[in-house]
Amino acid sequence: MKKIIELDNLTKSFDGQVVLKGIHLDIYENEFVTLLGPSGCGKTTTLRIMAGFEEPESGTVLFDGMNMEGVFQKYALFPHMDVYDNVAFGLHIKKMPDEIIDHKVRRMLELVGLKGFEERNISQLSGGQQQRVAIARALVNEPKVLLLDEPLGALDLKLRKTMQIELKKIQQEVGITFIYVTHDQEEAFAMSDRIMVMNASVIHQLDTPENILRSPADNYVQEFVIDNLAEKTASLLKYNIV
């Protein structure tokens, strides 16, 4: 597979507090990679550096061998626009022809399960529907990389599980690299091709979900990942571990 993102020896501090200590990470095309760890471990700072919102104190960030330009996706929907215009916004900025915009917007809304919602006001949508609009607006611009920071955290458990399935399905269908931040172990294992387990500014393990479950790298991974997942036995069944 082609390497699309390279992080080499990243360091970062805030007010004298070290938040990243020599982070190394390679991400490949069409991967779903999750940065998993507790609050304050450095995962969001790593994502923000990828997005260009933070500068590392040392180290390099390469995207396709060049300086990184990420797409940091948040809700940030325009309340004065309907669903269609929210998704079409970036395409209008690019001055694409109207017929191409219409085709792309309708296809993307169908992909995220919002066909027929084109004229719906944003305030009339549920939290999960707003999340899908935000994802459609990001994907319609065909980025090579989509960065997502705890995007499902505000949703209830049932909707969060549904969105996990939809996000993974969308990622596989559109062939975009997803980099996802969460503190939720079950969420990470439900969607990821690889998981980067972080704590106290360093990476403890970077591996597939199956390998992490079978061979945790150290006591921290055992306690934070395995012991927590053991309380949610159902999430392990899909990996034939129990």
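## Points about the pattern of salt bridges
Okay, so step 1: Evaluated as defined, the whole model comprises twelve salt bridges.
Okay, so step 2: The residue Arg-48 makes a salt bridge to Glu-54 at a minimum N-O spacing of 3.4 Å.
Okay, so step 3: Among the residues examined, Arg-48 registers a relative accessible area of 24% and is labelled partly exposed.
Okay, so step 4: In this structure, Lys-104 engages Glu-142 in a salt bridge whose closest nitrogen and oxygen atoms are separated by 2.7 Å. Linking Lys-104 in helix α3 (residues 98–111) with Glu-142 in the loop between α4 (127–139) and β7 (145–149), this pair joins segments that are 38 residues apart in sequence.
Okay, so step 5: Here Lys-104 falls in the buried class, since its relative accessible area comes to 19%.
Okay, so step 6: Among the residues examined, Glu-142 registers a relative accessible area of 56% and is labelled exposed.
Okay, so step 7: Through salt bridges with shared partners, a single network forms among Lys-2, Asp-64 and Lys-144.

## Details of the packing of helix α2 (residues 83–93) against α4
Okay, so step 1: It is the contact of α2 with α4, at a shortest axis distance of 7 Å, that shows an interaxial angle of 30°. The pairing of α2 with α4 is recorded here as roughly parallel in orientation. Taken as a pair, α2 and α4 cross one another with a handedness that is right-handed. Touching Val-83, Asn-86 and Val-87 of α2 are Val-133, Ala-136 and Arg-137, all from α4.
Okay, so step 2: Here the residues of the contact of α2 with α4 are counted per class, giving four nonpolar, one polar and one charged.

## Here we look at the layout of surface pockets
Over the atoms, a rolled probe matching the size of one water molecule traces out where space is still vacant.
Okay, so step 1: In this structure, the second largest pocket spans a volume of roughly 160 Å³.
Okay, so step 2: As for the second largest pocket, its lining consists of His-103, Lys-104, Arg-107, Met-108, Leu-139, Val-140, Glu-142, Val-174 and Ile-176.
Okay, so step 3: Considering each element in turn, the lining of the second largest pocket owes the most residues, four residues, to α3.
Okay, so step 4: Across the lining of the second largest pocket, the residue classes break down as five nonpolar, one polar and three charged.

Quick notes on the rules
- Residues numbered from 1 in each chain as written.
- Predicted model: local features only at pLDDT ≥ 70, side-chain atom pairs only at ≥ 80, totals over all residues.
- Heavy atoms only, no water.
- Salt bridge = Lys/Arg side-chain N within 4 Å of Asp/Glu carboxyl O.
- Buried < 20%, exposed > 50% of the residue type's maximum accessible area, 1.4 Å probe, protein only.
- Helix = DSSP H or I, 4+ residues; strand = E, 2+ residues; numbered from the N terminus.
- Axes fitted to C-alpha atoms, helices over the stretch in contact; angles between N-to-C directions.
- Parallel < 35°, antiparallel > 145°, perpendicular 65-115°, else oblique.
- Left-handed = near helix turned anticlockwise from the far one by under 90°.
- Contact = heavy atoms within 4.5 Å.
- Nonpolar A, V, L, I, M, F, W, Y, C, P; charged D, E, K, R; others polar.
- 1 Å grid on protein atoms, 1.4 Å probe; cavity = no way out; pocket = protein on both sides within 12 Å on 5 of 7 lines; lining within 4 Å.
- Points joined across faces, edges and corners; volume = space filled by probe spheres on them.

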